[in-house]
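What follows is the residue order along each chain.
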Amino acid sequence: MSKSLLALWLCLLSPLCLVGTNKSDMPTSESLMSTAIDHADFWKATVPMTLRGTIVFMQNGKAINASYELIFISSSRWREEVRFANYSRIRVGNGGSYSQSMPDNYQPVFMFWLDRMMHLPKALSLGPKDILGKIHEAHKNSVRVLCSAVSSLNRSSERTICIDPGAGTVVEIEYPTHTNSNPPEIDRIQYSDFRKQGDKMIPFHVESSKSGKPVLTLQITEISSDVPPESTLPLNVPAGSTLWASCGTVKTPELATKIAPVYPSAARTSHQSGNVILYAIVETDGSISNPRVLQSASTMLDAAAIDAVRQWKYTPVSCDGVPVRVETSIEINFYLNY
């Protein structure tokens, strides 16, 4: 018997040779997701912390810088501030709600992207129409990861989630481009440089991108468990704030009735296409109010998107069983199939 055949035979007899080949040892998609949420959901941390970072938002090839600060006492008492040159948003959490202060009565699109990046349970949570696919292996930045695709009747919630099984942390969330559709405005979110803080793993670098180019990047520059006494912290509610529900059971709004937007014939003739992103509030009865254009495709396409969305109906969102109002962003795709 040759040495190579002998080595192969000894390997097959060894339990070590079987590591990674026993599919029964493979974790389920649900258990991977649960672990990743538990590790990274610092909004449920058991220890206070102060977290600061910098944000870079790329708009029309120009970098816009911002600062981020979170003073976290507990899941029911915290203050978060995002400040750009001409925009700021302050949220102060108190019990099962938070007060929100910002210049206008709607949020810019980059704030929705930032919230998706920072609130992993929202990025990973599954709606009633979402289905987790089978786990498959991949390599991201030379790291072996386990990935699972999320399919849905609501195509906007489809994504592929990749998790580092050793660390139990999310590495990447990828959003697909569907047939006969424009690419989404964010097609990938990547998490890296995880560091332990109390009972949580905090990603110090989070980047959203489109077609491989960064769109929104958050870099944590400072994190500390040295939180001053609560009496000295700026936890007062800013004047003119609006009150929003905040609880662990709040779900992403689920679309119940969708009216397809009418593609204006004049827009088709003039070859207008693109993605319209709207801000809207889902009311307690599931209806839509205050639709605003956050990202324009054209005047005609914007109007068509608003006309359709005004007729949409959502399943009312509840917080601990009580219907609540929620802010949402809606991306409408106008695609020219030549």
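All values reported here derive from a predicted model rather than from experimental measurement.

### Regarding the overall build of the chain
Then comes step 1: Helix and strand counts for the chain come out as six helices and 21 strands.
Then comes step 2: The 338 residues of the chain split such that 44% are buried.
Then comes step 3: Contacts spanning at least 24 positions in sequence make up 57% of the contacts within the chain whose residues lie at least 6 apart.
Then comes step 4: Accessible surface, the chain: about 17400 Å² in total, of which carbon and sulfur atoms supply 54%.

### What to know about the environment of Ser 298
Then comes step 1: Relative to the helices and strands, Ser 298 is located in the loop between strand S17 (288-295) and helix H6 (299-309).
Then comes step 2: Judged by relative accessible area, Ser 298 falls into the buried class, the value being 13%.
Then comes step 3: On a C-alpha basis, the gap between Ser 298 and Ala 267 in space is 8.5 Å, while along the polypeptide they are 31 residues apart.

### Looking at unusual backbone geometry
Then comes step 1: Backbone geometry at Asn 180 places phi at a positive 60°, although glycine is not the residue there.
Then comes step 2: Tracing the sequence through the fold places Asn 180 in the loop between strand S10 (169-174) and strand S11 (188-197).
Then comes step 3: Accessibility expressed as a relative area gives 45% for Asn 180, which makes it partly exposed.
Then comes step 4: Positive phi, normally seen in glycine, also occurs at Asn 290, with a value near 55°.
Then comes step 5: Positionally, Asn 290 belongs in strand S17.

### A short note on the environment of Ser 34
Then comes step 1: Topologically, Ser 34 is positioned in helix H2 (residues 29-40).
Then comes step 2: For Ser 34, a relative accessible area of 48% gives the class partly exposed.
Then comes step 3: Spatially, the C-alpha atom of Ser 34 lies 9.1 Å from that of Leu 124, the residues being 90 residues apart in sequence.

### Some thoughts on the pattern of salt bridges
Then comes step 1: Counted by the stated rule, this structure contains 16 salt bridges.
Then comes step 2: Notably, a salt bridge pairs Lys 200 with Asp 38, separated by 3.8 Å at the nearest N-O pair. With Lys 200 in strand S12 (residues 200-210) and Asp 38 in helix H2, this residue pair connects regions lying 162 residues apart in the sequence.
Then comes step 3: In this structure, Glu 137 engages Arg 144 in a salt bridge whose closest nitrogen and oxygen atoms are separated by 3.3 Å.
Then comes step 4: Via salt bridges that share partners, Glu 80, Arg 89, Arg 91 and Asp 115 belong to a single interconnected network.

### Some points on the environment of Glu 137
Then comes step 1: Along the chain, Glu 137 turns up in strand S7 (residues 136-140).
Then comes step 2: For the pair Glu 137 and Ser 148, spaced eleven residues apart in the sequence, the C-alpha separation amounts to 9.0 Å.
Then comes step 3: In this view, Glu 137 contacts Met 26, Arg 144, Val 145 and Leu 146; residues no more than four positions away in its chain are not counted.
Then comes step 4: Side-chain polar atoms of Glu 137 contact the side chain of Arg 144, separated by 3.3 Å.

### Points about the nonpolar core
Then comes step 1: With 55 residues, the main nonpolar core has Ile 55, Tyr 68, Phe 84, Trp 113 and Ile 173 as its most contacted residues.
Then comes step 2: Not counting residues up to four positions away in its chain, the partners in contact with Phe 84 are Ile 55, Phe 57, Ile 64, Asn 65, Ala 66, Phe 110 and Met 111.
Then comes step 3: Within the second largest apolar cluster, 25 residues are counted, among which are Leu 255, Leu 278, Trp 312 and Val 317.

### Details of the state of the cysteines
Then comes step 1: Enumeration according to the criterion identifies one disulfide in this entry.
Then comes step 2: The partner cysteine of Cys 147 in its disulfide is Cys 162, sulfur to sulfur 2.0 Å. Handedness of the Cys 147-Cys 162 disulfide follows from its S-S torsion of about 110°: it is right-handed. On the criterion of sequence distance, the pair formed by Cys 147 in strand S8 (residues 143-152) and Cys 162 in strand S9 (residues 159-164) is long-range, its members being 15 residues apart.
Then comes step 3: You can call Cys 147 buried: its relative accessible area is 1%.

### Notes on the confidence of the model for the chain
The predicted structure's coordinates, where accompanied by low pLDDT, should not be read in detail.
Then comes step 1: Across the chain, the average pLDDT comes to 85, with 90% of residues at or above 70.
Then comes step 2: The lowest-confidence element of the chain is helix H1 (residues 3-13), averaging 39 in pLDDT; the highest-confidence one is H6, averaging 97.
Then comes step 3: This model gives residues 1-22 a pLDDT under 50, and the stretch forms three contacts once residues within four places in sequence are excluded.

Thresholds, definitions, all that
Residues numbered from 1 in each chain as written. Predicted model: local features only at pLDDT ≥ 70, side-chain atom pairs only at ≥ 80, totals over all residues. Heavy atoms only, no water. Helix = DSSP H or I, 4+ residues; strand = E, 2+ residues; numbered from the N terminus. Buried < 20%, exposed > 50% of the residue type's maximum accessible area, 1.4 Å probe, protein only. Contact = heavy atoms within 4.5 Å. Areas by Shrake-Rupley, 256 points an atom, 1.4 Å probe, with all protein chains shown as cover. Salt bridge = Lys/Arg side-chain N within 4 Å of Asp/Glu carboxyl O. Polar contact = N/O pair within 3.5 Å; in protein donor to acceptor, adjacent residues only side chain to side chain. Core = buried A, V, L, I, M, F, W, Y, C linked by side-chain atoms within 4.5 Å. Disulfide = S-S within 2.5 Å. pLDDT = per-residue confidence, 0-100.

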